[in-house]
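Understanding the architecture of this molecule
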Amino acid sequence: MRASKTLCLGCLLFLIGILRCKAWAQYTFVVEETPYKRLCSTKNILTVNGQFPGPTLYVHKGDTIIVDVYNKAKYNITIHWHGVKQPRYPWSDGPEYITQCPIQSGAKFSQKVMFSTEEGTSWWHAHNDWSRATVHGAIVIYPKKDSSYPFPKPDAEVPIIFGEWWKKPIMEVYHEMLIIGGDPNVSDAYTINGQPGDLYPCSMQGVWFMHCHIERHMTWGMDTAFIVRNGVPLNTHLLSPPPDMPPC
Ligand SMILES: *[C@@H]1O[C@H](CO)[C@@H](O)[C@H](O)[C@H]1NC(C)=O
Ligand SMILES: *[C@@H]1O[C@H](CO)[C@@H](O)[C@H](O)[C@H]1NC(C)=O
């Protein structure tokens with residue numbers, strides 16, 4: 001009797017253990033076209049859940065989360081978790097045709113994101129063509145639960161996201177750049193949290209400051225190739241890809 005009670009308690013603890021391990025926070029990202037009005041004209045832009053910039057993810061150091069990405073766009077898409085190391089698990093890291101094939105139009109892919117050593121503010125963004133111009137958002141990584149900030153805890157936090165707005169469809173600007181082989185046309189406005197600020201026409205009311213932000217890693221020649229080999233010891237071996245890995 002005593003033995004079976006102990007056994008049952010063991011089972012219960014084991015089950016609780018499994019449930020606790022499986023309790024990863026789950027998020028839904030629906031990538032879809034949404035009309036947005038900026039600089040006095042409206043155009044459809046690619047968004048996550050209809051938001052520009054996209055939703056902010058709030059996590060803790062050491063968390064693993066699942067992001068279910070539904071691609072309702074006309075284009076292939078990938079989502080990259082910028083600055084998140086994803087140890088031994090590159091399958092949901094995002095760069096198309098590098099760590100994974102893109103999520104095709106109409107398809108869904110559950111991306112597992114592991115926050116191991118990161119702490120602070122980072123961002124996620126689309127990692128194919130120029131969809132990242134509108135498909136991006138912040139990731140706020142708090143210290144591990146029950147541990148404190150390395151500075152006095154702030155009373156409030158406001159992520160500030162710098163971006164650019166083109167009146168033309170973003171893919172048109174991108175394809176024109178590919179055809180001429182030069183720099184892309186400069187944007188029509190810089191944005192802060194998706195708003196161009198008071199100095200532009202038809203902008204949201206309020207006080208905004210401006211900041212020059214041009215990101216052209218590739219056109220400035222900042223690219224390189226490196227070879228990554230799978231490790232021999234078990235703890236450096238890649239884990240297997242998820243069953244819903246996008247096919248090519
Ligand atoms: C780029 O700029 C040129 C010169 O102003 C203009 O003729 C062209 O239509 C622009 N292209 C796009 C895609 O905005
Ligand atoms: C979308 O992805 C599929 C699979 O990788 C590929 O065959 C196709 O060419 C891609 N489409 C575009 C427009 O890049």
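Reference entry: report on the structure contained in this document.

Thresholds applied
- Residues numbered from 1 in each chain as written.
- Chains lettered and ligands numbered in written order.
- Predicted model: local features only at pLDDT ≥ 70, side-chain atom pairs only at ≥ 80, totals over all residues.
- Heavy atoms only, no water.
- Pairing = 2+ DSSP bridges.
- Helix = DSSP H or I, 4+ residues; strand = E, 2+ residues; numbered from the N terminus.
- Axes fitted to C-alpha atoms, helices over the stretch in contact; angles between N-to-C directions.
- Buried < 20%, exposed > 50% of the residue type's maximum accessible area, 1.4 Å probe, protein only.
- Lys, Arg positive; Asp, Glu negative; His and termini not counted.
- Salt bridge = Lys/Arg side-chain N within 4 Å of Asp/Glu carboxyl O.
- Contact = heavy atoms within 4.5 Å.
- Polar contact = N/O pair within 3.5 Å; in protein donor to acceptor, adjacent residues only side chain to side chain.
- Near = heavy atom within 4 Å.
- Areas by Shrake-Rupley, 256 points an atom, 1.4 Å probe, with all protein chains shown as cover.

1. Details of the sheet that holds strand 3 (residues 57–60)
An order of 3-8-7-5 is seen for the four strands of this open sheet, with the pairing classed as mixed. Two strands in the sheet have a free side with no partner beyond their single neighbour: strand 3 and strand 5 (79–82). Strand after strand, the sheet turns through a mean of 25 degrees between neighbouring axes, direction not considered. Direction of pairing for strand 7 (residues 120–126) relative to strand 8 (residues 136–142): antiparallel, over a ladder of six bridges.

2. Some words on the side chain of Asp-93
Note on placement: Asp-93 falls in the loop between strand 5 and strand 6 (108–114). The buried charged residue Asp-93 lacks any salt bridge partner; its closest oppositely charged side chain belongs to Arg-132, at an N-O distance of 12 Å. If we skip the residues at most four places from it in the chain, Asp-93 touches Ile-79, His-80, Trp-81, Val-84, Gln-86, Thr-99 and Gln-100.

3. Comments concerning the side chain of His-80
Counting through the fold element by element, His-80 comes out in strand 5. Polar side-chain contacts of His-80 include one of 2.7 Å to the backbone oxygen of Asp-93. Sequence-distant contacts of His-80, defined by excluding residues within four places in its chain, comprise Asp-93, Gly-94, Pro-95, Trp-123, Trp-124, His-125 and His-127.

4. Remarks on the site of ligand 2
Around ligand 2, the surrounding shell consists of Asn-76, Tyr-97, Pro-102, Gln-104 and Cys-248. One of the side-chain nitrogen or oxygen atoms of Asn-76 is found 2.4 Å away from an oxygen atom of ligand 2. Between ligand 2 and Tyr-97 there is a distance of 2.9 Å, counted from an oxygen atom to a side-chain nitrogen or oxygen. The fraction of the free accessible surface of ligand 2 (360 Å²) that becomes covered by protein chains is 45%.

5. Description of the sheet that holds strand 2 (residues 41–48)
Ordered by their spatial adjacency, four strands build an open sheet running 2-1-4-6, and the pairing between neighbours is mixed. A single partner strand is all that each edge strand has here, and the edge strands are strand 2 and strand 6. Pairwise comparison of adjacent strand axes, ignoring direction, gives a mean angle of 25 degrees for this sheet. One ladder, built from seven bridges, connects strand 1 (residues 25–38) with strand 4 (residues 64–71); its direction is parallel. Across the sheet, Ala-25 pairs through a bridge with Ile-65, a residue of strand 4.

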